[in-house]
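Observations on chain architecture
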Amino acid sequence: MPLSAAQLAHLQTPLTIGNRTFGSRVLQSPLAGITDRSFRRLVRTHAAQSLMYTEMVSASGLHYSRSIPAIMDIDAGETPVGIQLFDCRPDFLVEAARIAVDQGADVIDINMGCPVNKITKNGGGSSLLRDPQTASQIVEAVAKAVSVPVTVKTRLGWNDAEINILEFAQRMQESGAQLLTVHGRTRAQAFEGAARWEWIAQVKEHLQIPVIANGDIFSIDAAIRCLTLTGADGVMCARGSLGAPHLVGHIDHFLRTGERLPEPTNVDRLRRAQEHLHLLFEFKGTLGVRQARKHMGWYVREFPGAAVLRAQLMRIETVAMGDQLLELAISQLLEAEPLLV
Ligand SMILES: Cc1cc2nc3c(=O)[nH]c(=O)nc-3n(C[C@H](O)[C@H](O)[C@H](O)COP(=O)(O)O)c2cc1C
């Protein structure tokens with residue numbers, strides 16, 4: 001079923017979040033260990049106006065360390081970027097949110113969806129779904145403390161027996177959240193099974209603030225199916241962007257124009273991988289090269305020799321090693337398929 005004309009017209013208007021307006025309704029999710037400055041720079045080359053989020057930042061960590069972690073760095077001109085915070089203490093979150101605004105955040109997002117034990121056992125992430133009162137105090141306190149919009153990203157509930165997203169979403173709105181992103185899975189599901197977009201449709205029906213749908217947006221078609229089914233005000237890409245920093249921009253372009261930009265060829269992907277490797281090294285040195293390995297694996301898709309190349313890239317120690325492997329693979333692909341550059 002295609003999007004209705006009214007829905008499409010709505011999706012082509014800017015996204016208003018509280019007192020700010022953003023030019024796109026396709027967002028890049030926060031991804032710990034992934035959405036650093038290098039990754040965001042690549043996403044930005046395809047999606048000029050999309051709101052992107054940093055990796056999640058621990059408000060307690062920030063309070064006790066008294067120094068600002070590099071994951072809160074935002075490049076000049078990178079805007080719009082939201083900084084995502086997690087914790088269960090309203091006072092620490094207020095302190096962290098003020099720092100995030102000083103760092104240049106356009107939006108503060110509170111993580112109420114992370115399923116990882118290390119986070120939930122301290123009362124943060126998805127455990128806030130079980131403690132709506134604290135969640136509400138957090139949103140109220142942070143919204144009062146900063147002038148930029150405060151958004152919340154959450155899940156359907158703790159598990160199938162405790163799906164409480166409808167009440168929870170309402171409460172977040174009443175507390176001052178100015179946008180809600182709903183990942184259509186429970187905490188117990190982690191990342192398993194299909195995202196249940198039908199729940200997001202219900203949330204959308206009940207709220208006045210914008211609702212962003214998240215979960216399983218791996219392609220333009222998935223985004224359209226999700227938007228049609230949920231009536232959401234936008235979509236947020238997450239794992240779909242791994243090795244594919246163009247995804248957000250391609251969905252955005254399709255919504256604006258109806259045109260599907262050509263999918264990157266294998267050669268395009270390898271060139272992107274090389275660029276990513278160089279950026280990671282520029283920002284983080286040797287640590288960046290180690291972090292680049294997983295990205296390399298995501299860029300190298302199916303072509304003859306891909307598995308061997310992937311295994312070799314997983315072991316790179318230097319940029320030069322990566323360059324050598326990628327350049328050789330690019331020249332082999334060009335020789336084999338000169339018309340498919
Ligand atoms: C490696 C990884 C890191 C993630 N880090 C964060 C994070 O820092 N903050 C957050 O709100 N969600 C995080 N998520 C969840 C995603 O933002 C998203 O909600 C989830 O992957 C569902 O979307 P998808 O099915 O399209 O991947 C992470 C997911 C993955 C796979």
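Residues numbered from 1 in each chain as written. Predicted model: local features only at pLDDT ≥ 70, side-chain atom pairs only at ≥ 80, totals over all residues. Heavy atoms only, no water.

Moving on, we get to the overall build of the protein. A tally of regular secondary structure across the protein gives 14 helices and 11 strands. Radius of gyration (C-alpha) of the protein: 20 Å, near the 20 Å computed for a compact globule of 341 residues. Considering only C-alpha atoms, the protein reaches an extent of 60 × 50 × 40 Å along its principal axes. The buried share among the 341 residues of the protein stands at 55%. For the protein, the computed accessible surface area is about 14,400 Å², with 55% contributed by carbon and sulfur atoms. Taken as two groups, the 34 positive and 35 negative side-chain charges of the protein have centres that lie 3 Å from each other. (Helix = DSSP H or I, 4+ residues; strand = E, 2+ residues; numbered from the N terminus. Rg over C-alpha atoms; globule rule 2.2 N^0.38 Å. Buried < 20%, exposed > 50% of the residue type's maximum accessible area, 1.4 Å probe, protein only. Areas by Shrake-Rupley, 256 points an atom, 1.4 Å probe, with all protein chains shown as cover. Lys, Arg positive; Asp, Glu negative; His and termini not counted. Charge placed at Lys NZ, Arg CZ, Asp CG, Glu CD.)

A few words now on the nonpolar core. Counting residues in each nonpolar core, the largest one holds 69 residues, and the members touching the most others are I108, M112, V142, M172, L180, V235 and I251. Broken down by element, the residue count for this core peaks at 6 residues, all from helix α4 (residues 90-103). Core analysis: the next-biggest nonpolar cluster, separate from the first, contains 22 residues, M296, F303, A306 and A329 among them. (Core = buried A, V, L, I, M, F, W, Y, C linked by side-chain atoms within 4.5 Å.)

The next thing to look at is the domain arrangement of the protein. What the domain assignment reports for the protein is domain 1 (5-257) and domain 2 (266-340). Measuring from the centre of the C-alpha atoms in domain 1 to the corresponding centre in domain 2 gives 30 Å. Each side of the interface is counted separately: domain 1 has 16 residues, and domain 2 has 15 residues. Taken over both partners, the interface formed by domain 1 and domain 2 buries close to 1,300 Å², and the fraction arising from carbon and sulfur atoms is 60%. When the buried area of domain 1 at its contact with domain 2 is split by residue, S38, L42 and G243 rank highest and sum to 38% of it. A salt bridge links D36 to K284; the shortest N-O distance between them is 2.7 Å. If you look at where domain 1 meets domain 2, you find 6 residue pairs in polar contact (both at pLDDT 80 or more). Among the residues forming the side of domain 1 that touches domain 2, the class breakdown is 6 nonpolar, 6 polar and 4 charged. (Domains from an automatic or database assignment. Contact = heavy atoms within 4.5 Å. Buried area = accessible area lost by both parts, 1.4 Å probe. Salt bridge = Lys/Arg side-chain N within 4 Å of Asp/Glu carboxyl O. Polar contact = N/O pair within 3.5 Å; in protein donor to acceptor, adjacent residues only side chain to side chain. Nonpolar A, V, L, I, M, F, W, Y, C, P; charged D, E, K, R; others polar.)

Quick look at the layout of surface pockets now. If you add up the space inside the largest pocket, you get close to 580 Å³. Around the largest pocket, the lining comprises 29 residues; the ones closest to its centre are P30, L31, A32, K153 and F191. Considered class by class, the residues forming the lining of the largest pocket number 15 nonpolar, 9 polar and 5 charged. Listing elements by their share of the lining of the second largest pocket, those giving two or more residues are α13 (306-313) and α14 (319-336). (1 Å grid on protein atoms, 1.4 Å probe; cavity = no way out; pocket = protein on both sides within 12 Å on 5 of 7 lines; lining within 4 Å. Points joined across faces, edges and corners; volume = space filled by probe spheres on them.)

Two numbers describe how helix α6 (residues 132-145) lies on helix α7 (residues 165-175): the axes approach to 8 Å, and their chain directions differ by 30°. Taken together, α6 and α7 sit at an angle that is classed as roughly parallel. Judged by the sense of rotation from one axis to the other, the crossing of α6 with α7 is right-handed. Across from P132, Q133, A135, S136, V139 and E140 in α6, the residues of α7 making contact are F168, R171, M172 and S175. In terms of residue class, the contact of α6 with α7 is built from 5 nonpolar, 3 polar and 2 charged. (Axes fitted to C-alpha atoms, helices over the stretch in contact; angles between N-to-C directions. Parallel < 35°, antiparallel > 145°, perpendicular 65-115°, else oblique. Left-handed = near helix turned anticlockwise from the far one by under 90°.)

Within a regular beta strand, the side chains point alternately toward one face of the sheet and then the other, so they alternate between its two faces. Of the two faces of strand β9 (residues 180-183), both are covered, the one formed by L180 and V182 as well as the one formed by T181 and H183. In this sheet, β9 lies alongside strand β8 (residues 150-154) in parallel orientation, the contact comprising 3 bridges. Paired with K153 across the strands is T181, a residue of β9. For the handedness criterion, the β-α-β arrangement of β8, α7 and β9 is classed as right-handed. Bridge analysis of β9 against strand β10 (residues 211-214) gives 4 bridges, and the strand direction is parallel. The residue bridging L180 from the neighbouring strand is V211, located in β10. The parallel pair β9 and β10, bridged by helix α8 (residues 197-206), forms a crossover whose chirality is right-handed. (Pairing = 2+ DSSP bridges. Right-handed = clockwise from strand over helix to strand, strands pointing away.)

For the rest of this paragraph, the subject is the site of the ligand. In the vicinity of the ligand lie 17 residues, with A32, Q84, K153, N214 and R239 positioned nearest. A distance of 3.0 Å is found between an oxygen atom of the ligand and a backbone nitrogen or oxygen belonging to P30. A distance of 2.7 Å separates an oxygen atom of the ligand from a polar atom in the side chain of K153. Contact with the protein chains covers 87% of the free accessible surface of the ligand, which is 600 Å². Counting atoms within 2 Å of the grid points, the majority share of the ligand lands in the largest pocket. For the shell around the ligand, a count of residues per class yields 7 nonpolar, 6 polar and 4 charged. (Near = heavy atom within 4 Å. Sits in = over half its atoms within 2 Å of the grid points.)

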